[in-house]
Amino acid sequence: MDIIHCSIDLTEDEQQLLMTIRGRKQQLELDIKRLKEEIADVTAELESMDLPEDTKNNPKTKQMSMGKKKFNMDPKKGIEYLIKYDLLQNTPEDVAGFLFQGDGLDKTAIGDYLGERNDFNIAVLKAFVNLHEFSEMILVQALRQFLWSFRLPGEAQKIDRMMECFAERYCELNEGVFTSTDTCYVLSFAIIMLNTSLHNPSVKDKPTVERFIQMNRGINDGEDLPAKLLTSLYESIKNEPFKIPEDDGNDLMHTFFNPVKEGWLWKQGGRYKNWKRRWFILNDNCLYYFEYTTDKEPKGIIPLENIRVREVGPEKTNKPNCFEIHSGGHEIIKACKLDSEGKVVEGKHTVYRMSASKAEDKEEWMTAIKTSISEHPFYDMLATRRKNAVTHPSKNT
């Protein structure tokens, strides 16, 4: 022990040098933090100069822009700034609504803020999760919607809290799918970890489907979930990873680098059968549509699971070059869209009908969509479990 102790003893000069280096490091960290804040302020000022004339001189507009930039640099300080200038109420519900809307916010910063372990942030997380609508959604698609709204932090404890809130919300809206919220929580957490293990290049030892099934034995209140279900879940994640936007808080279009196909189509409404021009992007086994190409958020997302595509004659639509996405029956397609208040809600369509400008475009879209369609029995299995839960009441909470 004496030899070891002597080997790490420092001379007085060395100790002084070490203290100097530590002091310089602390000062540099403070300088970097101050520079980030100054950059945020200057960026917000520059952006306010580009605002329309009727809002350019509005101090609230400038303060909101500055608050968002501060949030992207330091989420806690950004929220404190917005509350200080009465742009947000000091309530979990109001802060959650601001984060859920997400306009101009960095999704990584949102995830970091939601993952903080203090009473207020935890209350914000619960309110944020409750703004999501997961009714009648299969677990994979609910997770995809949830993980679309922020960047999942890297810390295991933060992920743990987020997935626990997600599981409670999912089970609350989908009674009977799982025997308990614990089952949903464990399986959801397993899905996140599986996605990371399969698609992170730094993970060399990729889990097999057999290992994934083994890892999830006994999670259904001591019973095993069906191996077929877990296998289909494994294949779904393997073939279609969760791809969360690498955004900078300015433009969600970064999500759609190298899309399979993109372009303008006319889309028929559901309740009102009018036609509206929308910008469509096909990528990651999903069809996204926007009102404008510059929109930060898609108006709707149509997962291409358990659906079909077919041509529609002009006699049915009074539109040329039409095709439609349908479920093959009368089931509602598991899609989501933004409502008039900007909240994500489940779509109610049994059919999505589109029209292209040219016959060639229609054929290209139909071919591309058919190639991207994936089918697996996961939804059917969950639907069966839900039916069994009605006959045999579960202890789901």
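Reading the values: the criteria
- Residues numbered from 1 in each chain as written.
- Predicted model: local features only at pLDDT ≥ 70, side-chain atom pairs only at ≥ 80, totals over all residues.
- Heavy atoms only, no water.
- Helix = DSSP H or I, 4+ residues; strand = E, 2+ residues; numbered from the N terminus.
- Contact = heavy atoms within 4.5 Å.
- Areas by Shrake-Rupley, 256 points an atom, 1.4 Å probe, with all protein chains shown as cover.
- Buried < 20%, exposed > 50% of the residue type's maximum accessible area, 1.4 Å probe, protein only.
- Phe/Tyr/Trp six-rings, centres within 6.5 Å; stacked < 30°, edge-to-face > 60°.
- Salt bridge = Lys/Arg side-chain N within 4 Å of Asp/Glu carboxyl O.
- Axes fitted to C-alpha atoms, helices over the stretch in contact; angles between N-to-C directions.
- Parallel < 35°, antiparallel > 145°, perpendicular 65-115°, else oblique.
- Left-handed = near helix turned anticlockwise from the far one by under 90°.
- Nonpolar A, V, L, I, M, F, W, Y, C, P; charged D, E, K, R; others polar.
- Core = buried A, V, L, I, M, F, W, Y, C linked by side-chain atoms within 4.5 Å.
- Pairing = 2+ DSSP bridges.

In the annotation of an unreviewed UniProt entry, the entry for the protein reads Cytohesin-1 isoform X2, and the organism field reads Octopus sinensis.

S.K.: Account for the overall build of the protein, with residues named and values stated.
M.R.: Check the secondary structure of the protein and you find 16 helices and 9 strands. In the protein, 63% of the contacts between residues at least 6 apart in sequence involve partners at least 24 apart. Summed over all atoms, the accessible surface of the protein reaches about 21700 Å², with 52% contributed by carbon and sulfur.

S.K.: Can you lay out the side chain of His-326 for me, pointing to particular residues and giving the numbers?
M.R.: Topologically, His-326 is positioned in strand β6 (residues 322-326). Exposure remark for His-326: the relative accessible area of 9% places this residue in the buried category. If we ignore the near neighbours within four places in the chain, the residues touching His-326 are Ile-307, Arg-308, Val-309, Arg-310, Ile-333, Thr-350 and Val-351.

S.K.: Explain the packing of aromatic side chains to me, using residue names and the numbers behind them.
M.R.: Scanning the model with the defined rule gives 16 aromatic pairs in all. Consider the rings of Phe-280 and Tyr-289, whose centres lie 5.5 Å apart with planes at 35°: the pair is tilted. The exposure class of Phe-280 is buried, given its relative accessible area of 0%. For Tyr-289, a relative accessible area of 5% translates into the label buried.

S.K.: Explain the pattern of salt bridges to me, using residue names and the numbers behind them.
M.R.: Any two side chains of opposite charge can pair, on the condition that their charged atoms come close. Scanning the entire structure with this criterion turns up 10 salt bridges. The closest approach of N and O atoms between Lys-261 and Glu-364, which form a salt bridge, is 3.1 Å. Taken together, the positions of Lys-261 in strand β1 (residues 261-268) and Glu-364 in helix α15 (residues 359-372) put the pair 103 residues apart, joining distant regions of the chain. Glu-364 sits in the partly exposed class, given a relative accessible area of 43%. One continuous salt-bridge network, built from bridges that share partners, spans Arg-310, Glu-324 and Arg-353.

S.K.: Describe the packing of helix α6 (residues 92-101) against helix α8 (residues 119-130), listing the residues and the values that go with them.
M.R.: Where α6 meets α8, the axes come as close as 8 Å, and the angle between the chain directions of the two elements is 60°. With respect to α8, the element α6 is oriented oblique. The way α6 lies across α8 gives a crossing that is right-handed. Note on element contacts: α8 touches α6 through Phe-120, Ala-123, Val-124, Ala-127 and Phe-128, opposite Pro-92, Glu-93, Val-95, Ala-96, Leu-99 and Phe-100. When the residues that make up the contact of α6 with α8 are grouped by side-chain class, the tally is 10 nonpolar, no polar and 1 charged.

S.K.: Mind laying out the environment of His-349, listing which residues take part and the relevant values?
M.R.: With respect to the helices, strands and loops of the structure, His-349 is situated in the loop between β8 (344-346) and β9 (351-355). Residue classification places His-349 among the buried positions, given a relative accessible area of 9%. Residues His-349 and Ile-333 lie 16 residues apart in sequence; the distance between their C-alpha atoms is 5.9 Å.

S.K.: Account for the environment of Glu-297, with residues named and values stated.
M.R.: In this fold, Glu-297 is placed in the loop between β3 (286-290) and β4 (300-303). For Glu-297, a relative accessible area of 25% corresponds to the partly exposed category. With 196 residues separating them in the primary sequence, Glu-297 and Gln-101 have C-alpha atoms 9.6 Å apart.

S.K.: Explain the packing of helix α9 (residues 139-148) against helix α10 (residues 156-173) to me, using residue names and the numbers behind them.
M.R.: The relative placement of two packed helices comes down to the angle between their axes together with the axis-to-axis distance. Between α9 and α10, the least distance of the axes is 12 Å, while the angle of their chain directions is 125°. Put simply, α9 runs oblique to α10. As α9 runs across α10, the sense of the crossing is right-handed. Only Met-162, Met-163, Phe-166 and Tyr-170 of α10 make contact with α9, whose side of the interface consists of Leu-139, Ala-142, Leu-143 and Phe-146. A breakdown of the residues in the contact of α9 with α10 according to their chemical character gives 8 nonpolar, no polar and no charged.

S.K.: Any chance you could break down the nonpolar core for me, citing the residues and the numbers?
M.R.: Residues Leu-99, Leu-114, Leu-139, Phe-146, Phe-166, Tyr-170 and Leu-187 are the most contacted members of the largest nonpolar core, which totals 67 residues. Apart from residues lying up to four places away in sequence, Leu-187 is in contact with Leu-139, Phe-178, Asn-216, Ile-219, Leu-225, Leu-230 and Leu-233.

S.K.: Hey, could you go over the pairing of β6 for me, with residue numbers and the actual values?
M.R.: In terms of burial, β6 is largely enclosed, as 5 of its 5 residues are buried. Note that β6 and β9 share 5 bridges and pair antiparallel. Within the sheet, the bridge partner assigned to Cys-322 lies in β9 and is Ser-355.

S.K.: Describe in detail unusual backbone geometry, supporting the description with residues and values.
M.R.: You will see that Glu-136, though not glycine, has its phi angle at about 60°, which is positive. With respect to the helices, strands and loops of the structure, Glu-136 is situated in the loop between α8 and α9. Accessibility expressed as a relative area gives 37% for Glu-136, which makes it partly exposed. One non-glycine residue, Asp-221, adopts positive backbone phi at about 55°.

S.K.: Describe α9, naming the residues involved and giving the relevant values.
M.R.: For α9, the tally of buried residues reaches 10 of 10 residues, placing the bulk of the element in the interior. All of the buried residues in α9 are Leu-139, Val-140, Gln-141, Ala-142, Leu-143, Arg-144, Gln-145, Phe-146, Leu-147 and Trp-148.

S.K.: How would you explain the environment of Ile-122 if you had to name every residue and give the values?
M.R.: Locating Ile-122 in the fold gives a position in helix α8. Taking the C-alpha atoms as reference points, Ile-122 and Pro-92, separated by 30 residues in sequence, lie 8.6 Å from one another.

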